[in-house]
Amino acid sequence: MRHRTWLFDQFREVSRLMAFEEVDFPVLESEALFIRKAGEEITQQVSSIFFLYLLFSSPSLLLFSRKSVSLPLKWFTIGQCWRYERMTRGRRREHYQWNMDIFGVPKVRAEAELLQAIVLLFQRLGITSSDVGIRVSSRKLGKLTREEIEKELMSTGLSSEAVRGIIEVLSLKSLSKLEEVLGSGVEAVADLKKLFSFAEQYDYADWICFDASVVRGLAYYTGIVFEAFDREGNLRAICGGGRYDRLLSTFGSEDIPACGFGFGDAVIVEHAERINASRLILVGNSEWERGMVRVKILSTREEFEVKAGELE
Amino acid sequence: MAAWSSSPSLRHLLLLRPRLPLGPTCLAGSFSRRHVHSRRRRLFSSASSSTLTHGDAASAHVDGDGVVDVNPPRGTRDFPPEEMRLRTWLFDQFREVSRLMAFEEVDFPVLESEALFIRKAGEEITQQLYNFEDKGGRRVVLRPEITPSLARLVIKQGKSVSLPLKWFTIGQCWRYERMTRGRRREHYQWNMDIFGVPKVQAEAELLQAIVLLFQRLGIPSSDVGIRVSSRKVLQAVLNMYSIPEHLFTEVCVIVDKLGKLTREEIEKELMSTGLSSEAVQGIIEVLSLKSLSKLEEVLGSGVEAVADLKKLFSFAEQYGYADWICFDASVVRGLAYYTGIVFEAFDREGKLRAICGGGRYDRLLSTFGSEDIPACGFGFGDAVIVELLKEKGLLPDMPRQIDDIVFPLDEELEGPASSIASSLRKKGRAVDLVEDKRLKWVFKHAERINASRLILVGNSEWERGMVRVKILSTREEFEVKAGELE
């Protein structure tokens, strides 16, 4: 419980630094919220659906009149989510999830803010950009797979190595190459260029990379999508999210631009445990304010302070 | 009795908030396939289940492609930001008192096996279970109370557990009740429990926690009191009339309704359990006692009930909360498993329901097939206390609070605004980055969210590497080098 409280405190603190407000909803919801028509996959409804639910149900937002809603809304919550799965796979049926969502900001600025939140969280946990990365793509690329994009790039005469370099690193260079190949009218590229430029300004450019495969399995996203992953190759995503500008209309209401992410409590703990197995990284509030973390080497019991950005 | 129409609509079924799919398709795909298949299964199992009633389906207005019902399920609450701040404040009070009392925080799943709550003692709580069958055909329930989960965890820890245990939790509890009474179906409850202390010292500690909480909230002992008694009083009376042991629990549950039913109705119910009218009269008389000395007269001084209560009142003097508590033999509490001292906090004006309640339950674990461990605890809900605070005008003002608002005055400065916001956040400041709004709106917004500073990024200043900082409380304004912003 102490570990959980500590982790949730990190979630809350990052949310506070980002000036988000906390909200909560009943864990029990009407199924209608998650199943629209017979046959439609529930996963297409699942995402930050309960945010939209609250958006409707909060007294001041009930009628969803633009006059009474003060956009943008920046809300976060930490709640328990459930699923029913056959236990033969030894999988959990519940997990806690930290969700951050921004309503009413149509620009890529919103995604940039969300990515900063994720990076801040990792930094506070003592995780570095060499441990973890965030794959970014855009649904506006359509169903173009990574293979197809690679093929297009190779057809311009680039070596497969160079192609890989372009795809794996979200940089101005790679974006302009993509633009060449996909056409400059492509909104996706414009969005990604914007995001990359923000990443430089926010100083988390070394955390993100482009990967077209991120779009799959997230049918309701309409723009930028992203997921954080373990660079050691563990397949499960640590967190994921994106833009979903047209979900409210599927509930019969006017659309509001929206984007958000969900960050579960299981994978990150496994991950942090593995990374911290050889070193214990303690981040206390006083150290954090000075931009430092305390590192303890378990074998020698040495302990010293290190600048958070210089953690190796 | 299920309220199904001829073409049952699945839309009114309730479910637990699903997990969000993150990443690989396989997870997403398998989840949806399974769900679509079992939807049909659940329809049939629900139709035969007596507990999944959907009389409240009338509230859900989903038809065709209409707007989805914007209300949370009947009897439940959403917590938009303002309500959430109040809730967080209240829970922080619970946590702080628990910390002062040196209790450790624990938690359990809100979903439990129904078997944990089958007690057949006629308690209201077990008659209003929010239970259902899951897709594996298992009977599960959204917990109505937390103590059994706690007991389950203690048993699970087995021999390795190091007594005494002092645990607290704040969790949501559920009940299924007909909504005609406009009652809630869920509430949050702060629970504190002590395992492994057989002596009245434990109850004395719990009472201190409750009093501390009231004091922290600014509620005086003139507004609120704690009635104390012991199940052993009733036990002693039953012994006097040679009433069989197995009737004890039933009698307690009936007697607990003294405030809600008339004396005649209580007498009738007691008689229907097989008690003689003599015994019934004896019980009713003792229950009306409000003085320990009177109780001693009636039961005798060697009786445990009296000794326990005397000890507790002596502790109360030592702890300094004697003016908060009083003896009232009518307090038995409605849970089947209490075995000793019981107590409940009440508002002296008599307008509200019990604020919290608890007691000793030394024989709960054996009902779960384990060895008994002495235990006592209380549950403190989040609803009545808030009503009380509202009544007394003690609800705190909980406005938002932000450190800085960063606002680029021109679109091309959004990049610099980003790096400023980013570095301030890394330094621990809560920063709201605002864009695409008029300056007038930004000032209003700053007032609304109680920002300390407004940092304006404008072209002419930025060209010199500066930003304009405005201290909102004093209206001071000055330029600062971007790199030196703290």
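Just so you know, these numbers come straight off a predicted model, no measurement behind them.

So, how was this worked out
- Residues numbered from 1 in each chain as written.
- Chains lettered and ligands numbered in written order.
- Predicted model: local features only at pLDDT ≥ 70, side-chain atom pairs only at ≥ 80, totals over all residues.
- Heavy atoms only, no water.
- Phe/Tyr/Trp six-rings, centres within 6.5 Å; stacked < 30°, edge-to-face > 60°.
- Helix = DSSP H or I, 4+ residues; strand = E, 2+ residues; numbered from the N terminus.
- Buried < 20%, exposed > 50% of the residue type's maximum accessible area, 1.4 Å probe, protein only.
- Lys NZ or Arg CZ within 6 Å of the ring centre and 35° of its normal.
- UniProt positions renumbered as here; feature names shortened; annotations may be inferred.
- Contact = heavy atoms within 4.5 Å.
- Pairing = 2+ DSSP bridges.
- Axes fitted to C-alpha atoms, helices over the stretch in contact; angles between N-to-C directions.

S.K.: Hey, could you run me through the packing of aromatic side chains in this one?
M.R.: Each aromatic ring pair is described using two quantities: the centre-to-centre distance and the angle formed by the ring planes. In the structure shown here, the tally under the stated rule is 26 aromatic pairs over all chains. With a centroid separation of 6.2 Å and an interplanar angle of 65 degrees, the aromatic rings of A:Phe198 and A:Tyr202 are classed as edge-to-face. With A:Phe198 and A:Tyr202 both in helix 7 (residues 187-202), this residue pair falls four residues apart, about one helical turn. Taken individually, A:Phe198 and A:Tyr202 each receive the classification buried, so the pair is uniform in this respect. Considering the side-chain rings of B:Phe94 and B:Trp190, the 4.7 Å spacing of their centres and the 10 degrees angle between planes classify their relative orientation as stacked. With B:Phe94 in helix 2 (residues 81-100) and B:Trp190 in strand 7 (residues 186-195), this pair connects stretches of sequence that are 96 residues apart. Here the two residues B:Phe94 and B:Trp190 agree in accessibility, since each one is buried. Taken together, the aromatic side chains of B:Phe79, B:Phe91, B:Phe94, B:Tyr188, B:Trp190, B:Phe214, B:Trp324, B:Phe378 and B:Phe380 make up a single cluster linked through ring pairs. If you follow A:Arg4 out to its NZ or CZ, it ends over the ring of A:Tyr96, 4.5 Å from the centre. A cation over a ring is seen here: B:Lys437 above B:Trp441, with NZ or CZ 4.4 Å from the ring centre.

S.K.: Would you mind going over the UniProt feature "binding site: L-histidine" (unreviewed entry) in chain B with me for this structure?
M.R.: Residues and elements named next belong to chain B. What UniProt calls "binding site: L-histidine" (unreviewed entry) maps, in this numbering, to Glu145, Ile146, Thr147, Arg175, Gln189, Asp193, Arg333, Tyr337 and Tyr338. Topologically, Ile146 is positioned in the loop between strand 5 (139-142) and helix 4 (147-157). Classification of Ile146 by relative accessible area gives buried; the value is 2%. Filtering out sequence-adjacent residues up to four positions away, Tyr338 remains in contact with Arg231, Phe248, Val332, Arg333, Gly357, Gly358, Gly359, Arg360 and Tyr361.

S.K.: Would you mind showing me how to read the sheet that holds strand 14 (residues 431-433) of chain B here?
M.R.: Across a sheet, strands are paired by hydrogen bonds formed along the backbone, either parallel or antiparallel in direction. All names here are of chain B. What the five strands build is an open sheet, ordered 14-13-15-16-17; its pairing is mixed. Only two strands of the sheet have a single neighbouring strand rather than two, namely strand 14 and strand 17 (476-481). For this sheet the average axis-to-axis angle between neighbouring strands, irrespective of direction, equals 25 degrees. With six bridges connecting them, strand 13 (residues 402-408) and strand 15 (residues 451-457) associate as parallel partners. When the sheet's bridge partners are listed, Ile405 is paired in strand 15 with Leu454. Helix-sheet contacts for helix 14 (residues 439-448) involve strand 13, strand 14, strand 15 and strand 16 (466-471), and the interaxial angle to strand 13 is about 175 degrees.

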